[in-house]
Amino acid sequence: MKLRQLVLAASVVAAAASSALVSTAAFAADAKEQFFPVLPYRTGAYAPNGVPWANGYSDYLRLINSRDGGINGVKITYEECDTAYATDRGVECYERLKGKAQGSIFQPLSTGITFAMTEKAPADKNPLITGGYGRSESSDGGVFKWNFPLMGTYWSGADIIMQFITKKENGNLKGKKIALVYHDSPYGKEPIPLLQERAKMQGYDLQLLPVTAPGVEQKATWLQIRQARPDYVLLWGWGVMNSAALKEAVATGYPREKMYGVWWSAAEPDVKDVGEAAKGYSGLVATGLGGKVIEDVKKFVHDKKQGTGPADEVGTTLYNRGLVSAALAVEGVRAAQDRFGKGKVMNGDQIRWGLENLNMDEKNLKKLGLDSVMKPLSTSCLDHEGSRSARMHSWDGKKWNYVSDWIEADTAIIKPLVKQFADKYAAERKLTRRTPADCQS
């Protein structure tokens, strides 16, 4: 297992006193530091997509130290443990890092790792932020006290894609054929219940086409698509699987204009090797572009030679997703401080309360410089998702362009599914739903 402490150079360590990232070695000596464990994957088949997310995440933590002097004066420390997107390594990393603080926010960046950590987090009192991934039913805070699938679950994402396609078809999908090409893992299987529910409602035929990880070999899958000729293909891939799918679509003559990806299948690494041939392919994006926070990262981090990755990566799709994920964690700690003491280090229980009481409205987002990269978000004891909207953007051969406004997931369809699956989870583990008193704790 590759363990990295991201004080990337001696010059950064030396600059710690002037708001650079402080090394984790200093953590035990100074109680005024909040520890953030980071579980990225800079190695393995999924590194091309994992790296920009990790760089955005790290750069934002550096920004908070450099620009703000920490969270109300509490400096941030963090340490990376590379999971290579493997569940067993993710669990090893969790076990290795969990003892570095009295409760910390973990972001697994993997649905498989999330499933494993969901069983461990309650006893360890470590909140899990799974922004845009993980267990879809964990939006129900009444059962999943420590899980926070902020900014949208896979059921929300699948619903938004189907809304977009339904509108394109003038509201009628009866008799249409929809194929789901998905990573054969917990991640890829997550949207299936929502798509099946919508198929019952809307009368379309759903074809499920699993792809064995890592997804380089897809010829058999696309032969089935060539034979079935579905009206639309939904892509639920990650890493090399996405570009491989687009290349196979080109080879089999399937129109890219009829392909739609989830937010983890519609970023720069997914299309750059396909280029013009991927023109017309569209996918979800839950973050925005540019704005003050991006300018600040350049000014306070990269211009000081403290950036984690290349400067030209700042502002790209997955980089922004990582940046926003870090911002959600920071604001969870800030909200906890508002109740339990500004300028103090927060423990796991306090951070969980903070994440359960986020109020990132337009005014607050503007104050933080985040209004350009994310939509307002508000959580509660029972709603751990906070917001559930995304836009569709389309590849023109050189860049991504928005082709829709923000689309909100239909909670009338999703809520019954969430309750059904959350109740099932609770029954299997003999859990009781949280009481109003527990919601105040």
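Residues numbered from 1 in each chain as written. Predicted model: local features only at pLDDT ≥ 70, side-chain atom pairs only at ≥ 80, totals over all residues. Heavy atoms only, no water.

Draft legend 1. Layout of unusual backbone geometry. The omega torsion across Ala213 and Pro214 is 5°, close enough to zero to call that bond cis. Relative to the helices and strands, Pro214 is located in the loop between β7 (205-211) and α8 (219-228). Although it is not a glycine, Ala84 sits at a positive phi angle of roughly 55°. For Ala84, the position within the fold is in the loop between β3 (75-82) and α3 (87-97). For Ala84, a relative accessible area of 18% gives the class buried. A positive phi angle, close to 55°, is found at Asn170, a residue other than glycine. If you trace the backbone, Asn170 turns up in the loop between α5 (154-168) and β6 (177-183). Among the residues examined, Asn170 registers a relative accessible area of 73% and is labelled exposed. (Helix = DSSP H or I, 4+ residues; strand = E, 2+ residues; numbered from the N terminus. Buried < 20%, exposed > 50% of the residue type's maximum accessible area, 1.4 Å probe, protein only.)

Draft legend 2. Region of interest: the pattern of salt bridges. In the structure shown here, the tally under the stated rule is 31 salt bridges. Measuring nitrogen to oxygen at the nearest pair gives 2.8 Å for the salt bridge that ties Asp296 to Arg67. Linking Asp296 in helix α11 (residues 292-302) with Arg67 in helix α2 (residues 47-68), this pair joins segments that are 229 residues apart in sequence. The partner of Asp296 in a salt bridge is Lys292, and the shortest N-O contact between them spans 2.6 Å. Note that Asp296 and Lys292 are positioned in helix α11 at a spacing of 4 residues, about one turn of the helix. Because the salt bridges share partners, they merge into one network encompassing Lys125, Lys145, Asp349, Arg352, Glu356, Arg434 and Asp438. (Salt bridge = Lys/Arg side-chain N within 4 Å of Asp/Glu carboxyl O.)

Draft legend 3. Local environment of the environment of Gly288. Inspection of the secondary structure puts Gly288 in the loop between β10 (282-285) and α11. Sequence spacing of Gly288 and Lys375 is 87 residues, and the spatial spacing of their C-alpha atoms is 8.5 Å.

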